[in-house]
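An overview of the molecular structure
The primary structure of each chain is shown beneath.
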Amino acid sequence: MKTCCMFAASALFFTCTLFAQGRGGGVVSGVVKADSTNRPLEFVNVILLNQADSAIVTGTSTDSKGKFTIDNVPDGEYFLTYSLLGYKEKQPTTFRIDSKRPALSVGTILLVETALKLDGVTVTSQRVTFNTAIDRKVFNVQQDIMSKTGTASDLLQSIPSVQVDIDGVVSLRGSANVLMLINGKPSPLMGASRAEVLQQMPASSIERIEVITNPSAKFKPDGTSGIINIVMKKDVTTGLNGNLTANVGTKNRYNVNASANYNPGSFNIFGSYSFRQDDRNNFSTDARAQSDLATNALSYYKDNARSLSRPLSHVATLGLDYRLDEKDNFGLSGNYHYRGFTRNDASTKVLTSNNIVTDDYDRLRVDYEYEQEAGLTAFFQHNFDGENHKLRFEFNAAQTPEQEDNHYTDVYRVPASPQTYDNTLIKQTEWKKQLTADYTLQLAEHSTFEAGYDGEFNKRDMNFYGEYFDPTQQKFTKDVERTNQFIYNETIQALYGTYENSFGLFSVLGGVRAEGSFVKSDLVTGDSIISNDNFNLYPTLHLAYKFSELAELQLNYSRRVNRPEGDDLNPFPEYQDPRNIRSGNPRLKPESINSIEFGCQLQNDNLTVVPSIFYRNKYNGFTTVIKALNDSTLLTTHENLSSDQSAGLEFVVAGNVGNLFTANVSANAFYEQIDASNLGFGNKKSTVTWSATLNGSANLSKATMIQINSNYRSARLTPQGENRPSFVLNMGFRQDLFDDKVSLILTVSDLLKTLNRKTDLNTPWLTQNVVSNRDSRIVYFGLTYHFGMPAKKSKEKALQYDNGL
């Protein structure tokens, strides 16, 4: 594996060098800030125009630090325009690029806020849809006129390096152990039920998605493959502005999204509300052949199941940002999320032994389920000298109660017997509190120091109450085997420091994070407490070398950890049915990961290519293991692998053909080797896995667009078998009307009805095949209305699709 990595790195370096030498041209750069606050402005449209006829030559947008760079500028005289909704457009004096002056820095440009309509230049060239920084890739979904029909889960499908399966499980570079953040902070909603939450969160509420495969020491080191940070919209445009969207879909699906803000200048009030009625119709088959290790007798089990539900969700936010003076800012916001539904399940179970049917019955389930979160965020920021020297305090608190009220009925055919009844009530409540202090000091023009404190205080209380109907007493009786309580307490105290500097063409960002983790698992029912306290250092290093304005090399390293959650540690079993039991493992150790990545960004006027290779070495990796309790009952639990290492190659390509067609393609291939010998599964196993995503948009006119979105994921290795390949294709159409005030959208998800999940398991004593699918071809028709400031015009618009289970 190491030889392959060295060969790939050499090839990548050679390609980057050739590309860097292939082209030349002038360079124009600068920084854009707000005149009133001196803070950097992100997503400002910077357009380069010819001085002679004002023709558009090219353009770009500013990054999170307000910086921009325009490469490959031919010799000639030009001027720049800067525009952003809520600010007056600015046009500085003209300048010339030639052999005597090939590079120009325009310095700092200050934009003045305004409530007037912006009469800016209409940009018809493709906008930058993603930017790369020294430690992350940023996908600016806010710049696209997105479809309002989709969810966060749908949006993540189109992000390079990210995969979403039929169950809604999100993976980053093949690993589902990824840390999901909301606005840079942990959320209880992104815990064990995050797949379901992402399938209900409206995509229209998201501003951008950040993919951080090797985070700096400022971020939590959690997550095997890195961090996906979902940044929610918070409009700060001057005046009163907002959007209203309504969609209707097949099988009585519909959703409504509304957002607005009011900003008279010194403060900003913002809020949003989303309502979503969904319909889920799922099907699965589970076929097993199991042998008795003592007698070699074979038994066969088959389960055909279907599940019907209509999830209803509400998401609301309300907040206030207030500028106390030129140096101090204060903010307070709250959010609320509710998801509830009634689940109706039916499964037919047949057990055969010695060619004789020994069990044949139906298990029916009615489940009244809900989950909600109420959260509060407060911050105070003091700017000593603008954004270059600041101190920020932030406090986050959230409470998430959830409940499953399960009522089961077993209807027997073989052997013939009366119906039986049992119930399971599951109540869980999670509390999360986080206090952070972040200090930033710009030591010089290209030198920045950051330090801070991060304290997390988490608690989860899990209560299971089981009962069965006693026919002799004609009442329900407590089932002591299925009744238990488990309390999980976790406190994490961290200090971090980072230093970033640029030396000519070379840039470095280094840091270290010191963390103390204190975990207490309280098995209340078992009268036992298991503690696990750790102190660790997590170093990070990011290096970049700019060959030219067209090519940049990056080399990143981070040490990471993946901690088990409360569900992973809870040893008390959850009885889905008498044949399938799940439980956690209180002795499960945290994963320890060393991750290194080497990549290059290649870019010209019409094409951007970001190839990279990565290597992960993991100890005590988590894996799911299935054990036989008897000849017909399986227990699913978690164990630690001895070791797990993987190396991969990733390509992200984005380009355009004039103003007619834009596309981005990403492909990710990696080699994985796992050692599960400590679990009794023989020697090391290895496989090659790959995935690919394609997004293409054709602009039939300035106001009409058609789009396709597809992704493929090959087979993935497990210690006991593999997950089979999956593929999905989506299509969409959009028509803008009345100067983009109104948009009509039509989307079709899973056009070919290929979305499913297949899992194979092969051991000396068990062969199992599980297939899951749903009625996934879903059609949505929607309408969006923008009011207030003019809607942003963007060439590329990302339609979203419903591809969650």
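Scroll up to find the structure.
This structure is a prediction, so every number in the text was calculated from the model and none was measured. (Residues numbered from 1 in each chain as written. Predicted model: local features only at pLDDT ≥ 70, side-chain atom pairs only at ≥ 80, totals over all residues. Heavy atoms only, no water.)

1. Description of the overall build of the protein chain
Helix and strand counts for the protein chain come out as four helices and 46 strands. Relative to all contacts within the protein chain whose residues are 6 or more apart in sequence, the contacts with residues 24 or more apart total 68%. In the structure as shown, the protein chain presents an accessible area of about 34000 Å², 57% of it carried by carbon and sulfur atoms. (Helix = DSSP H or I, 4+ residues; strand = E, 2+ residues; numbered from the N terminus. Contact = heavy atoms within 4.5 Å. Areas by Shrake-Rupley, 256 points an atom, 1.4 Å probe, with all protein chains shown as cover.)

2. Topic: the nonpolar core
With 23 residues, the main nonpolar core has L156, V162, V170, M180, L198 and I228 as its most contacted residues. Of all the secondary structure elements, the ones that give two or more residues to this core are α2 (152-157), β10 (162-164), β11 (170-172), β12 (179-182), α3 (194-198), β13 (206-212) and β14 (227-232). Among residues more than four places away in sequence, those in contact with M180 are L156, V170, M190, R194, L198, I228 and I230. With 20 residues, the next largest nonpolar core counts V28, L41, Y82 and L84 among its residues. (Core = buried A, V, L, I, M, F, W, Y, C linked by side-chain atoms within 4.5 Å. Buried < 20%, exposed > 50% of the residue type's maximum accessible area, 1.4 Å probe, protein only.)

3. Notes on a nonpolar patch on the surface
Taken together, the side chains of L240, Y262, I269, L318, L320, Y322, L324, F330, L332, L376, F380 and F393 present a nonpolar region at the surface, about 1100 Å² in accessible area. Counting residues per element, the nonpolar patch draws most heavily on strand β20 (residues 312-323), at three residues. Tracing the sequence through the fold places L240 in strand β15 (residues 239-249). Residue class for L240 comes out exposed when judged on its relative accessible area of 53%. (Patch = residues over 30% accessible without salt bridge, like charges linked within 9 Å, V, L, I, M, F, W, Y side chains within 5 Å. Salt bridge = Lys/Arg side-chain N within 4 Å of Asp/Glu carboxyl O.)

4. Section: the pairing of strand β32 (residues 591-603)
The side chains of a regular strand alternate between the sheet's two faces. Where strand β29 (residues 551-562) lies against β32, twelve bridges are found, and the strand directions are antiparallel. Looking across to β32, one finds that R560 is bridged to I593. Judged from the ten bridges that link them, β32 and strand β33 (residues 607-619) form a sheet pairing that is antiparallel. Looking across to β33, one finds that F598 is bridged to I613. (Pairing = 2+ DSSP bridges.)

5. Observations concerning the environment of V610
Within the secondary structure layout, V610 lies in strand β33. Separated by 41 residues in the primary sequence, V610 and F651 have C-alpha atoms spaced 5.8 Å apart.

6. Observations concerning the pairing of strand β2 (residues 45-50)
Summarising burial for β2: five of the six residues are buried, a large majority. Hairpin connection, β2 to strand β3 (residues 56-61): the antiparallel pair is bridged by five residues, and S54 has positive phi, about 60°.

7. Here we look at the side chain of N214
Along the chain, the position of N214 falls in the loop between β13 and β14. Polar side-chain contacts of N214 include one of 2.9 Å to the side chain of S595. (Polar contact = N/O pair within 3.5 Å; in protein donor to acceptor, adjacent residues only side chain to side chain.)

8. Focus on the packing of aromatic side chains
Evaluation of the coordinates by the stated rule reveals eight aromatic pairs. Here Y254 and F275 contribute two aromatic rings whose centre-to-centre distance is 5.9 Å and whose plane-to-plane angle is 25°, an arrangement assigned as stacked. Note that Y254 is positioned in strand β16 (residues 253-263) and F275 in strand β17 (residues 267-277), a separation of 21 residues in sequence. Given a relative accessible area of 30%, Y254 falls into the partly exposed group. With centroids separated by 5.9 Å and ring planes inclined at 85°, the aromatic side chains of Y421 and F469 adopt a geometry described as edge-to-face. Of this pair, Y421 sits in strand β24 (residues 420-444) while F469 sits in strand β25 (residues 447-470); the two residues are 48 residues apart in sequence, bridging distant segments of the chain. Its relative accessible area of 33% is what places Y421 among the partly exposed residues. Here a set of aromatic residues connected by ring pairs shows up, and it is made of Y421, F469 and F476. The positively charged end of R363 is found above the aromatic ring belonging to Y408, 4.0 Å away from the centroid. (Phe/Tyr/Trp six-rings, centres within 6.5 Å; stacked < 30°, edge-to-face > 60°. Lys NZ or Arg CZ within 6 Å of the ring centre and 35° of its normal.)

9. Concerning the sheet that holds strand β7 (residues 103-111)
Ordered by their spatial adjacency, three strands build an open sheet running β4-β1-β7, and the pairing between neighbours is mixed. Both edges of this open sheet fall to β4 (67-73) and β7, since each of them pairs with a single strand only. Pairwise comparison of adjacent strand axes, ignoring direction, gives a mean angle of 20° for this sheet. In this sheet, β7 lies alongside strand β1 (residues 26-34) in parallel orientation, the contact comprising seven bridges. Bridged to S29 within β7 is S105. (Axes fitted to C-alpha atoms, helices over the stretch in contact; angles between N-to-C directions.)

10. Digging into the pattern of salt bridges
For the structure shown, the criterion picks out 39 salt bridges. Two residues, E515 and R563, come together in a salt bridge whose shortest N-O distance is 2.4 Å. Residue E515 is found in strand β27 (residues 506-523), and its partner R563 is found in the loop between β29 and α4 (566-569); the two are separated by 48 residues along the sequence. Residues E515 and R563 agree in their burial class; the two are buried. The partner of R724 in a salt bridge is D760, with the nearest N and O atoms 3.1 Å apart. Remark: D760 occurs in strand β44 (residues 756-762) and R724 occurs in the loop between β41 (721-723) and β42 (726-737); sequence separation between them is 36 residues.

11. Digging into the side chain of E591
As for its placement among the helices and strands, E591 is situated in strand β32. Among the polar contacts listed, one links the side chain of E591 to the side chain of N177, at a separation of 3.5 Å. Polar side-chain contacts of E591 include one of 2.5 Å to the backbone nitrogen of F622. Ignoring any residue separated from it by four or fewer positions in sequence, one finds E591 in contact with N177, T224, R560, V561, N562, K618, Y619, N620, G621 and F622.

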